[in-house]
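Single-letter residue listing:
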Amino acid sequence: MSKAVSETSKGVAYGLAAYTMWGSFPLYFALFEGIPAWEVLIHRVVWSCVFLAVVISLLKRWSPVKVALRYPKRLGFVLGCAIFIALNWGIYIYAVETRQVMQASLGYFLTPLVNVAMGMLILGERISRLQLVAVVLAAVAIVYQIVLLGVLPWITLALAFSFGTYGLMRKKVDLDGLSGLFVETLLLLPLGLLALAWLSAQGMSHLTDSASSALLLMSSGIVTAIPLLAFAGAARRLRLSTVGFLMYINPTLQFLIAMYVFHEPLGTEKLISFVMIWVALAIYSWSAWNGRARA
């Protein structure tokens, strides 16, 4: 086996591991039953920062972090990224807590198309006709849900647009994924520590409920960081198009967990909107694949 093939195989393994872990997140966050989503979010920020600091120390990757922190005026986009990723995390945890994982999965199916739309509307990027068709079809699917179900799928839209905005702002940040997430959580750390102190003073903290609760809350940092490290390993070894296709494993697993583990209902109207999104993704993926093949 050639070295190139070996590296590609490793990349695929890392990618499968990362997206499978992300796709299994509903099973993990369901363990926090009885703990408010916003408290879980606070702990996720704090312990992610702590664990990432350990990882960066072990990998001796402090140099880019020090460069970023040396110029506080340049941290505006990093702070923006921090706010939007925290918003995304919080809404996702709430979706699992309230057993609306199917809406969450639809949000992550929708994210690539939101990225395309943002690139066109905000960055002035040119997109192909097929990609435009995909974006319009996705928009029709959301309108269809609103009209027929009579409910705004706010979890779907909030997850898609918060992560899409995070990705958009991340383009402006000259940091790798590991260093970037550490600096983002570091900027939110003071607020997180203040929130934990307030919870403790009010007797509302679940950290001291039991040893199992404490370990579960502290583990959120590890659970956040490990898929990121696997993804970094995949991104270094694979073409962007391959990583893009592997990405669909995440919302697909979430969808299956919602159906077969949490037994969330899937009515005809909701199924039709999912199918429309899937068709839009197929059109988008076909267009993206053909575009790279010609490049």
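Scroll up to find the structure.
Residues numbered from 1 in each chain as written. Predicted model: local features only at pLDDT ≥ 70, side-chain atom pairs only at ≥ 80, totals over all residues. Heavy atoms only, no water.

Turning to the overall build of the protein chain, a few remarks are in order. Within the protein chain, the secondary structure is distributed over 13 helices and zero strands. The C-alpha atoms of the protein chain give 20 Å as radius of gyration, which agrees with the globular expectation for 295 residues (19 Å, within 12%). Seen along its three principal axes, the alpha-carbon backbone of the protein chain occupies a region of about 55 × 50 × 45 Å. Here the protein chain holds 295 residues, and the buried ones make up 46% of them. A separation threshold of at least 6 residues defines the contact pool for the protein chain, and within that pool the share at least 24 residues apart is 85%. Total accessible area on the protein chain is roughly 14,900 Å²; 69% of this is exposed by carbon and sulfur atoms. Taking the average place of the 21 positive charges on the side chains of the protein chain and the average place of its 11 negative ones, the gap between the two points comes to 16 Å. (Helix = DSSP H or I, 4+ residues; strand = E, 2+ residues; numbered from the N terminus. Rg over C-alpha atoms; globule rule 2.2 N^0.38 Å. Buried < 20%, exposed > 50% of the residue type's maximum accessible area, 1.4 Å probe, protein only. Contact = heavy atoms within 4.5 Å. Areas by Shrake-Rupley, 256 points an atom, 1.4 Å probe, with all protein chains shown as cover. Lys, Arg positive; Asp, Glu negative; His and termini not counted. Charge placed at Lys NZ, Arg CZ, Asp CG, Glu CD.)

Helix packing for two helices is described by the angle between their axes and how far apart those axes are. At a minimum axis separation of 9 Å, helix 5 (residues 76–97) and helix 9 (residues 177–201) run at an interaxial angle of 85°. In terms of their interaxial angle, helix 5 and helix 9 are classed as roughly perpendicular. Contact with helix 5, carried on its side by Val78, Leu79, Cys81, Ala82, Ile85, Ala86 and Trp89, involves Leu181, Val183, Glu184, Thr185, Leu187 and Leu188 of helix 9 and no other residues of that element. Taken together, the residues of the contact of helix 5 with helix 9 break down into 11 nonpolar, one polar and one charged. (Axes fitted to C-alpha atoms, helices over the stretch in contact; angles between N-to-C directions. Parallel < 35°, antiparallel > 145°, perpendicular 65-115°, else oblique. Nonpolar A, V, L, I, M, F, W, Y, C, P; charged D, E, K, R; others polar.)

It is worth spelling out helix 8 (residues 154–170) at this point. Compared with the 24 Å implied by 1.5 Å per residue over 17 residues, the 23 Å span of helix 8 between its first and last C-alpha is a close match. Residues of helix 8 that are buried: Ile155, Thr156, Leu159, Ala160, Ser162, Gly164, Thr165, Tyr166, Leu168, Met169 and Arg170. (Expected span 1.5 Å × (residues − 1).)

Another point: unusual backbone geometry. In this structure, Lys60 takes a positive phi of about 55° despite not being glycine. Mapped onto the fold, Lys60 is located in the loop between helix 3 (37–59) and helix 4 (62–70). The phi dihedral of Arg99 is positive, around 55°, even though this residue is not glycine. Following the sequence through the fold, Arg99 ends up in the loop between helix 5 and helix 6 (101–121).

Once that is clear, we can look at a nonpolar patch on the surface. Taken together, the side chains of Tyr94, Val143, Ile146, Val147, Leu148, Leu149, Val151, Leu152 and Trp154 present a nonpolar region at the surface, about 810 Å² in accessible area. Relative to the elements of secondary structure, Tyr94 occurs in helix 5. (Patch = residues over 30% accessible without salt bridge, like charges linked within 9 Å, V, L, I, M, F, W, Y side chains within 5 Å. Salt bridge = Lys/Arg side-chain N within 4 Å of Asp/Glu carboxyl O.)

Okay, the nonpolar core next. If you look at the biggest cluster of nonpolar residues, it comprises 78 residues, and the most contacted ones within it are Phe29, Phe32, Tyr92 and Ile277. Element by element, the count of residues in this core is highest for helix 6, at 12 residues. Those residues in contact with Phe32, other than ones at most four positions away along the chain, are Val40, Leu216 and Leu217. Grouped together as the second largest cluster of nonpolar side chains are five residues, Ala234, Leu238, Val243 and Leu246 included. (Core = buried A, V, L, I, M, F, W, Y, C linked by side-chain atoms within 4.5 Å.)

The next thing to look at is helix 7 (residues 129–149). Taking 1.5 Å of rise per residue, the 21 residues of helix 7 would be expected to cover 30 Å, and the 30 Å separating its terminal C-alpha atoms lies within 8% of that figure. Every buried residue of helix 7 is accounted for by Gln131, Ala134, Val135, Ala138, Ala141, Ile142 and Gln145. Viewed along the axis of helix 7, the buried residues span an arc of 110°, placing them on a single side of the element. Set apart from the buried face of helix 7 by more than 90 degrees, the exposed residues are Arg129 and Val147. (Arc of directions from axis to C-beta.)

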